[in-house]
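Commentary on secondary and tertiary structure
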Amino acid sequence: QTKLLEGYKDARWLRMDAAWSAFKLGDGAAYEKALSEALDKDPASLNEAARLSDLFASQGKHPEASAALLGAMAQVDGPPAFVHQKLAAMEGAAYLFHYRRSFQEAVASFNAAGKVSYGDTPAIEVLDHATTRVYEDGSSLTRYHSIRKLLTREGIEKNGEFAVPETAVVLKIHTIKPDGTVLEPEKIYDKPTISYPSLEPGDFTETEYVQYAPPSTIFPGGSFLDRWYFQVPDLVLHLSEMVLITPETMKVDLNTRGPVPEPKTTVDSGLT
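**Comments concerning the overall build of the chain**
Looking only at helices and strands, the chain features eight helices and nine strands. Counting all 272 residues of the chain, 38% fall into the buried class.

**Things to note about the environment of Ala 163**
Looking at the element boundaries, Ala 163 is found in the loop between strand S3 (161-162) and strand S4 (168-176). Of the residues examined, Ala 163 reaches a relative accessible area of 47% and is grouped as partly exposed. For the pair Ala 163 and Ser 195, spaced 32 residues apart in sequence, the C-alpha to C-alpha distance is 9.0 Å. The contacts of Ala 163, once residues within four sequence positions are left out, are Pro 192 and Thr 193.

**Describing the pattern of salt bridges**
With the rule as written, the count across this model stands at eleven salt bridges. Lys 158 is the salt-bridge partner of Glu 154, the closest N and O atoms lying 3.2 Å from each other. Here the residue Glu 154 and the residue Lys 158 both occupy positions in helix H8 (residues 153-159), the gap between them amounting to four residues, near one helical turn. Overall, Lys 158 belongs to the exposed group, its relative accessible area being 53%. One connected set of salt bridges, linked through shared partners, spans Arg 100, Arg 143, Glu 206 and Glu 208.

**Structural notes on unusual backbone geometry**
What you tend to see is this: most non-glycine residues have negative phi, and most peptide bonds are trans. At Ser 198, a position not held by glycine, the phi torsion is positive, near 50°. In this structure, Ser 198 sits in the loop between strand S6 (194-195) and strand S7 (204-213). With relative accessibility at 49%, the residue Ser 198 sits in the partly exposed group. You will see that Ser 269, though not glycine, has its phi angle at about 55°, which is positive. With respect to the element layout, Ser 269 can be found in the segment after strand S9 (240-245). Overall, Ser 269 belongs to the exposed group, its relative accessible area being 70%.

**Structural notes on a nonpolar patch on the surface**
Together, Ile 218, Phe 219 and Phe 224 make up a nonpolar patch on the protein surface, roughly 350 Å² of accessible area in all. With respect to the helices and strands, Phe 224 occurs in the loop between S7 and strand S8 (236-237).

**Observations concerning the packing of aromatic side chains**
Evaluated as defined, the whole model comprises five aromatic pairs. A centroid spacing of 5.4 Å and a plane angle of 90° characterise the contact between Phe 103 and Phe 204, whose relative ring orientation is edge-to-face. Taken together, the residues span a long stretch of sequence, with Phe 103 in helix H7 (residues 103-112) and Phe 204 in strand S7 at a distance of 101 residues. On the basis of relative accessible area, Phe 103 is assigned to the buried category, the value being 14%. Residue classification places Phe 204 among the buried residues on the basis of a relative accessible area of 7%. What links up through ring pairs into an aromatic cluster is the set Tyr 144, Phe 162, Tyr 209 and Trp 228. Positioned over the ring face of Tyr 135 is Arg 133, at 4.7 Å from the centre of the ring.

**Topic: the side chain of Asp 203**
Of note, Asp 203 is situated in the loop between S6 and S7. Judged by relative accessible area, Asp 203 falls into the buried class, the value being 2%. Within polar-contact distance, the side chain of Asp 203 engages the side chain of Lys 177 at 2.7 Å. Setting aside residues up to four positions removed in sequence, Asp 203 forms contacts with Arg 148, Lys 149, Leu 150, Thr 175, Ile 176, Lys 177, Pro 178 and Ser 198.

Parameters at a glance
- Residues numbered from 1 in each chain as written.
- Predicted model: local features only at pLDDT ≥ 70, side-chain atom pairs only at ≥ 80, totals over all residues.
- Heavy atoms only, no water.
- Helix = DSSP H or I, 4+ residues; strand = E, 2+ residues; numbered from the N terminus.
- Buried < 20%, exposed > 50% of the residue type's maximum accessible area, 1.4 Å probe, protein only.
- Contact = heavy atoms within 4.5 Å.
- Salt bridge = Lys/Arg side-chain N within 4 Å of Asp/Glu carboxyl O.
- Patch = residues over 30% accessible without salt bridge, like charges linked within 9 Å, V, L, I, M, F, W, Y side chains within 5 Å.
- Areas by Shrake-Rupley, 256 points an atom, 1.4 Å probe, with all protein chains shown as cover.
- Phe/Tyr/Trp six-rings, centres within 6.5 Å; stacked < 30°, edge-to-face > 60°.
- Lys NZ or Arg CZ within 6 Å of the ring centre and 35° of its normal.
- Polar contact = N/O pair within 3.5 Å; in protein donor to acceptor, adjacent residues only side chain to side chain.

Written out as structure tokens, the structure reads:
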């Protein structure tokens, strides 16, 4: 019987049952102890790591919360995006969303530019934004934000569908009418793209998503980011911007081409 009970103590379901019971009773210390023991038995369990991280974060213990996630992440092959999203949330809005422009702000900037002749342009990229946070191991998390105004039927045909990139988590995708009405797309199972609903000339589309990228296989311990274009031949860009946040100790090489502005660099709290 003693051996049988010891075997049950090693059972994952029993450990998690103990953790859940402590949580329901409001016993934070017992909940933390049960999750820690479960994680010790299974260091690669991202579920337990995420719960323990959430507990630490709720207590203001952000270093411990990050360590719980990073410890489990190191045990698995190809850490999922949600781990980095949790890390981003714990670090606050100081980088990934600090530079975010709202729909109203972006459109106001576009309208303030005055009437410009766009010729036969079918669509205008009102906002073309990327903020990339590179972590110490070379992995990165990028938030993309696009606001596009469709001027013609051709523009609707070219821009009416959105293919969700691999490893991306969609935060926002919808149609915005000139009067401010927001229309959410219908999710169709097994459909490879998402359709912006009820598009008409003059409508806007807004798309925002976060995408994870593992460390570079070309530069071990580093990142190799996709090239960012500030001008493209088949689309007018009103405002195109790229923000890159890296550890202060990480060397950054910028390979610029064409007449692009000089980058503005600041250092704050160990980040460049």
